[in-house]
Amino acid sequence: GAGVSQSPRYKVAKRGQDVALRCDPISGHVSLFWYQQALGQGPEFLTYFQNEAQLDKSGLPSDRFFAERPEGSVSTLKIQRTQQEDSAVYLCASSSSPVAFFGQGTRLTVV
Amino acid sequence: AQSVAQPEDQVNVAEGNPLTVKCTYSVSGNPYLFWYVQYPNRGLQFLLKYITGDNLVKGSYGFEAEFNKSQTSFHLKKPSALVSDSALYFCAVRDRNNKLIFGAGTRLAVHP
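Along each chain, the written sequence defines residue order, and numbers are assigned to residues from 1. Going through the entries in the order they are written, you letter the chains from A and number the ligands from 1. In keeping with the model being predicted, local features are shown solely for residues with a pLDDT of at least 70 and side-chain atom pairs are shown and tallied solely at 80 or more, while totals for entire chains, interfaces and linings include all residues. Side-chain descriptors were evaluated using all non-hydrogen atoms of the structure, hydrogens and water having been removed beforehand.

## Regarding the environment of Cys23 of chain A
Residues and elements named next belong to chain A. Helix and strand assignments come from DSSP, with helices taken as H or I runs of at least 4 residues and strands as E runs of at least 2, each series counted from the N terminus. Structurally, Cys23 can be placed in strand S3 (residues 19–24). Separated by 19 residues in the primary sequence, Cys23 and Val4 have C-alpha atoms spaced 7.2 Å apart. Residue contacts are counted whenever heavy atoms from the two residues lie within 4.5 Å of one another. For Cys23, the contacting residues outside a window of four places in its chain are Val4, Ser5, Leu32, Trp34, Val74, Ser75 and Cys92.

Printed below as a string of structure tokens:
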């Protein structure tokens, strides 16, 4: 498709389990962003890539969170040793202009 | 620090009536402002943006927004609401590091 694609759409993880969330941006988009959206709140910035370079990771809440985009296209957000407070929707966005286009998100539930 | 405020958690309006969803911002320099809409279990959909130029910006689905520099506001408007407009609306500002800073969101409920 032509939009941003995220997988899986839903993920249930047991506390302490590692998870990996995938984002396929719009082809040719240089910029890629990850956001975390808690229930009933606005999205909060996690990290930003320009091509393969991670230019800003100031929003990552702890060193359990790690993101990569090794070839400047697909990105993976990894969360190690998941905790209940990690339960949220994780949104990926890509852009080549002032406008960022979002995927449908991955809903992570940690039980 | 840059921030966005959406003072209303929920806005209720009757179908066919005009609607306004409020947004104020705080940013250094010239703002890049955006409105996004979110339907249940969906990602954010871009509605419109203000970068420069005319203060009245027209966007998707008949929505428009008015940029007011003196009041630091960017309210979303639509002349005639539809039931299908019921959703969660987010105002956002782009900071100098390229990331979007979102408001808390306003739930719009349009009643038949």
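After presenting the structure, the write-up continues.
## Side note on the pattern of salt bridges
For salt bridges, the criterion is a side-chain nitrogen of Lys or Arg within 4 Å of an Asp or Glu carboxyl oxygen. Under the criterion given, the structure shown has eight salt bridges over all chains. Of the charged contacts in the structure, one is a salt bridge between Asp24 of chain A and Arg22 of chain A, with a shortest N-O distance of 2.7 Å. Here Glu66 of chain B makes a salt bridge to Lys77 of chain B, at a shortest N to O gap of 3.5 Å. Remark: Lys77 of chain B occurs in strand S9 (residues 73–78) and Glu66 of chain B occurs in strand S8 (residues 64–68); sequence separation between them is eleven residues. To sort residues, take the accessible area from a 1.4 Å probe on protein chains only and compare it with the maximum for the residue type: under 20% means buried, over 50% means exposed, and anything in between is partly exposed. Note on Glu66 of chain B: relative accessible area 38%, which makes it partly exposed. Using a relative accessible area of 27% as the deciding quantity, one classes Lys77 of chain B as partly exposed. Members of the salt-bridge network, linked through shared partners, are Asp56 of chain A together with Asp95 and Lys99 of chain B.

## Things to note about the sheet that holds strand S8 (residues 75–79) of chain A
Sheets are built from strands paired through backbone hydrogen bonds, the pairs being either parallel or antiparallel. All names here are of chain A. Think of it this way: DSSP has to see at least two bridges between two strands before they count as a pair. Judged by pairing direction, the sheet is antiparallel, and its four strands sit side by side in the order S1-S3-S8-S7 without closing on themselves. Both edges of this open sheet fall to strand S1 (5–7) and strand S7 (65–68), since each of them pairs with a single strand only. Taken pair by pair, the neighbouring strands of this sheet meet at an average axis angle of 15°, ignoring direction. A fitted line through C-alpha atoms serves as each axis, taken over the contacting stretch for helices, and the angle formed by two N-to-C directions is quoted from 0 to 180°.

## Remarks on empty space enclosed by the protein
Here a cavity denotes grid points, spaced 1 Å and computed from the protein atoms alone, that fit a 1.4 Å probe unable to get out, and a pocket denotes an open set having protein on both sides within 12 Å along at least 5 of 7 lines; residues with an atom within 4 Å of a point are the lining. Grid points are joined across faces, edges and corners, and a volume is the space filled by probe spheres set on the points. As enumerated under the stated definition, the model contains one cavity of 30 Å³ or more in all. Space inside the largest cavity adds up to approximately 50 Å³. When grouped by side-chain class, the residues that make up the lining of the largest cavity number five nonpolar, three polar and two charged. Side-chain classes are defined by residue name, with Ala, Val, Leu, Ile, Met, Phe, Trp, Tyr, Cys and Pro counting as nonpolar, Asp, Glu, Lys and Arg as charged, and the others, Gly among them, as polar.

## Examining the state of the cysteines
In protein chemistry, a disulfide is the covalent bond that joins the sulfur atoms of two cysteines. Residues and elements named next belong to chain A. The rule for a disulfide is simple: a pair of cysteine sulfur atoms within 2.5 Å. Applying the stated criterion across every chain yields a total of two disulfides over all chains. Two residues share a disulfide in this structure: Cys23 and Cys92, whose sulfurs sit 1.9 Å from each other. Here the S-S torsion is close to -65°, and the disulfide linking Cys23 with Cys92 is therefore left-handed. Of this pair, Cys23 sits in strand S3 while Cys92 sits in strand S9 (residues 88–95), and the two are 69 residues apart along the sequence.

## Observations regarding the layout of surface pockets
Residues and elements named next belong to chain A. Empty space within the largest pocket amounts to approximately 440 Å³. At the level of elements, S9 and strand S11 (106–110) are the ones that each hand at least two residues to the lining of the largest pocket. Among the residues forming the lining of the largest pocket, the class breakdown is ten nonpolar, nine polar and four charged.

## A look at the side chain of Arg69 of chain A
Residues and elements named next belong to chain A. Among the secondary structure elements, Arg69 is positioned in the loop between S7 and S8. Here Asp and Glu are counted as negative and Lys and Arg as positive; His is not counted, and neither are the chain ends. Within the buried core, Arg69 has no salt-bridge partner, and the shortest N-O distance to an opposite charge, that of Glu52, equals 7.2 Å. Here a polar contact means two N or O atoms within 3.5 Å. Within protein one must be a hydrogen donor candidate and the other an acceptor candidate, and residues neighboring in sequence count only if both atoms are side-chain atoms. A polar contact is formed between the side chain of Arg69 and the backbone oxygen of Val30, at a distance of 2.6 Å. A polar contact is formed between the side chain of Arg69 and the backbone oxygen of Gly72, at a distance of 3.0 Å.

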